[in-house]
Amino acid sequence: MSGKFVVGFDGSAPARRALDFAVERVRAQGGTIVLAHVLEWSPYSFLTPEELEERHKRRREEMDRAKKAIISKVVTELEDAGITVEAEIRYGKTHDILSRIAEEKNAVQIVIGRDGQSSLGARVFGSVAGALVQTAPVPCTIVP
Amino acid sequence: MKNFLLSAALAVVGAVLYGTAAVAQDQAMSLDDKVNQIFADSTGWFVSLIFSNFPGTSFPWIVAWLVIGAVVFTVYFGFIQFRVIGHSIALIKGDYSDPNDAGEVSHFQALATALSGTVGLGNIAGVAVAIGIGGPGATFWMILAGLMGMATKFTECTLGVKYRNEYEDGRVSGGPMYYLAKGFEERGLPGGKILAVLFSIFCILGALGGGNMFQANQAHQQISGVVGDYPGWITGLVFAGLVFAVIIGGIKSIARVTEKVVPFMGILYVGTALIIIAMNYHLIGWAFGQIFAGAFTGLGVAGGFVGALIQGFKRAAFSNEAGVGSAAIAHSAVRTNEPITEGYVALLEPFIDTVIVCTMTALVIIITQQLVTDPETGLYLLNEAGTSVRTIGDTSGVGLTSAAFGSSIGWFPYILAIAVVLFAFSTMITWSYYGLKAWTFLFGEGQTKEIVFKVIFCVFVVIGAASQLGPVIDFSDAAIFAMAVVNIIGLYALMPIVKRELISYASRLKSGEIKKYQ
């Protein structure tokens, strides 16, 4: 079965494990890696007037930085290894955006890593993995 | 920059030393009194010009100017404020926002920031001033002015987005100075540049007055009401230091914390007001009776029903700033291809600010019976000078609001004191930005030029905190209304452009060309 694997990727070690897992699958069965980087963002946050003025500029800078620091290197690395890869950088809530990308790209699976800590914060506010499992339109793999 | 910070710090220390020395030298006349005297003397002419009455009446022409403007826009746009609320809310929820624009300024954010500049002391202290002078009847006129003002806000914020400047580096700047200059040119009308310059001058004065001194003044009154009396310049210096840290030192975290806490304070304030009203539910009917009776008879207040009307209109305008043009500066940063959508969103501002929050303050003051009435005639008793209604604790301004809330919930004045200080602070930050935009419109952008304005702004924090309420509130009102004089001339000239936008948008919305994303 070949298809697209959406990988939530933020450059961290767990994200790297998730990517490696997905790459193995793609090597075995063919398919494409969709590298997805989400910049956490809520349209309901409060900004100062100065931040409003500079928002568009900052957004451009943040996108550039994410592309340069996190995405580009991995894309080149995967391409060199002969893997077909697409990249997406978007703003929003991580689980929402991953689900949306999976839908748009007709993906077969979403793969994310987790850091394995069941912290109090995650219990109270919920974790990305938890929220994603609840809402994803396709099967999810959480790589420990 | 470092040298500059150092010299500024020295100047502050110098001011403290000077203040201490002056207090020691001159027991008879304190520093506060001196500042107050100089301030009142130097601004009096401006205040009397703006607030001069129509010949032979006691009706200030400026109040008529604002109300006529609001009525004209309401009629011209077919009572827009009562027709589009549903769509406004859909826009704020993001139903019509392109998901690919996530990370840009949303309608909600533009509205929230503009609101944090308007919801503040005007709603707490300003309303108390209005009720104190104009009696309960002022509430009626205040609500009416708030409803009409929604159309004014709609007009100015649409123009703010339409004629904003979008710079190469991605920054966005807008506001009356831009639409006056660019819009007049587009329509081939003369004088746009002159109006833009005038507006900018008044905007700087308004930022220093209503956006700064009035805030500092009322914050000091509130703090000294809780901890006991002490000289105003001390509060002034502390506030000036914090404002300095944010706008010059670039310590964003302070501003960010305030921006986050202020909305909750607002909700807490309205919530508490509702609880107090509910506790006195048997008086609700009576309170509205007082409001309606007072609106048309005055119930014995100074100036009769005209006094109530003037106070109501004045406070509404001062509180929601509709027609003043300030909010157009904040709203213009929104991400949208349709300027009119920001008008739809902005018209909620006077509604939230005046019709909801201000009315809560008024109801609490009336319902807790802070105003003294003659038991026989039911009319309100005036103070000795005959200028305002006598209150139970002889309070006025924010003190009156505090006493009203405190009479039902004993510990609330402490919360209110914190809320007032935070509201004052966030309003100062927002207005320092408005003032700065006007300043850079006049003098051009550049670090030194901007720092000059910011330092002036900080100095006025101290002056405001040290002055008496009277001269400060007069000057604040006068400067802010002077902005409205210029801005509303511009709105009259440019309203056909808004109408064109409105018709085009409404037809595309109906035909389904503009569609929901969610």
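Preceding this section is the structure that the text describes.
One numbering rule holds for all chains: residues counted from 1, following each sequence as written. As they are written, the chains are lettered A onward and the ligands numbered 1 onward, keeping that order. Given that the model is predicted, a residue must reach a pLDDT of at least 70 before its local features are reported, and side-chain atom pairs must reach 80 or more before they are shown or counted; all residues, however, enter totals for whole chains, interfaces and linings. Hydrogens are left out, water is left out, and the side-chain values use all remaining heavy atoms of the structure.

Give me the lowdown on the interface of chain A and chain B, citing residues and values where you can.
Contacts: residue pairs with any heavy atoms within 4.5 Å of one another. Counting residues at the interface gives 21 residues for chain A, matched by 33 residues for chain B. Here the buried area means the combined drop in accessible surface, using a 1.4 Å probe, for two parts upon being joined, counting both sides. At the boundary of chain A with chain B, total buried surface from both sides reaches about 2,600 Å², with 56% on carbon and sulfur atoms. Of all residues in chain A, F46, L52 and E53 of chain A give up the largest surface area on contact with chain B, accounting jointly for 30% of the area buried on that side. By salt bridge we mean one thing: a side-chain nitrogen of Lys or Arg within 4 Å of a carboxyl oxygen of Asp or Glu. At the boundary of chain A and chain B, one finds 3 salt bridges. In this structure, the salt-bridge partner of R171 of chain B is E53 of chain A, at a minimum N-O distance of 2.9 Å. Where helices and strands are cited, they refer to DSSP runs of H or I of at least four residues and of E of at least two residues respectively, numbered from the N terminus. Per-element tally for the side of chain A that touches chain B: the top contributor is helix α2 (residues 49-80) of chain A, with 11 residues. Within the side of chain A that touches chain B, the residues separate by chemical class into 8 nonpolar, 4 polar and 9 charged. Here the term charged refers only to Asp, Glu, Lys and Arg, the term nonpolar to Ala, Val, Leu, Ile, Met, Phe, Trp, Tyr, Cys and Pro, and the term polar to all other amino acids, Gly among them.

Can you break down the pairing of strand β1 (residues 4-8) of chain A residue by residue, with the values?
Remember that side chains alternate between the two faces of the sheet whenever the strand is regular. All names here are of chain A. Judged by how many residues are buried, β1 sits mostly within the fold: 4 of 5 residues are covered. Bridge count for β1 against strand β2 (residues 32-40) is 5 bridges, and the pairing is parallel. Looking at the pairing, F5 lines up with I33 of β2. Orient the strands so they point away from the viewer, and a crossover whose first-strand-to-second-strand path over the helix runs clockwise is right-handed. In this view, the connection linking β1 to its parallel neighbour β2 by way of helix α1 (residues 13-29) has right-handed handedness. Note that β1 and strand β4 (residues 109-113) share 3 bridges and pair parallel. Counterpart to F5 in the pairing with β4 is Q109. Burial status follows relative accessibility: with a 1.4 Å probe on protein chains alone, a residue under 20% of its type maximum counts as buried, one over 50% as exposed, and anything between as partly exposed. In short, DSSP must find at least two bridges between two strands for them to pair.

Lay out helix α3 (residues 61-76) of chain B with the relevant residues and their values.
Under the convention used throughout, the expected extent of a helix is 1.5 Å for every residue step, that is, one less than its residue count. Across its 16 residues, α3 of chain B extends 22 Å between first and last C-alpha, which sits within 8% of the 22 Å expected from 1.5 Å per residue. Just downstream of α3 of chain B lies G78 of chain B, where phi reads positive at about 60°.

Before we move on, could you go through the packing of aromatic side chains and cite the residues and values that matter?
Residues and elements named next belong to chain B. Note on ring pairs: Phe, Tyr and Trp rings are taken, using the six-membered ring of Trp, and paired if centres are within 6.5 Å. Classes follow the plane angle, with under 30 degrees stacked, over 60 edge-to-face and the rest tilted. Across all of its chains, the model carries 27 aromatic pairs over all chains by this definition. With a centroid separation of 6.0 Å and an interplanar angle of 85°, the aromatic rings of W65 and Y492 are classed as edge-to-face. Linking W65 in helix α3 with Y492 in helix α21 (residues 469-511), this pair joins segments that are 427 residues apart in sequence. Exposure remark for W65: the relative accessible area of 22% places this residue in the partly exposed category. Centre to centre, the rings of W431 and Y434 are 5.1 Å apart; their planes meet at 80°, and the pair counts as edge-to-face. One end of the pair is W431 and the other is Y434, both in helix α19 (residues 412-443) and 3 residues apart, which spans about a single turn. In this structure an aromatic cluster arises from ring pairing among Y76, F77, F154, Y344 and Y505. Only when the NZ of Lys or the CZ of Arg is both within 6 Å of the ring centre and within 35 degrees of the ring normal is a charge said to sit over the ring. A cation over an aromatic ring shows up here: K314 above the ring of F51, its NZ or CZ 4.7 Å from the ring centre.

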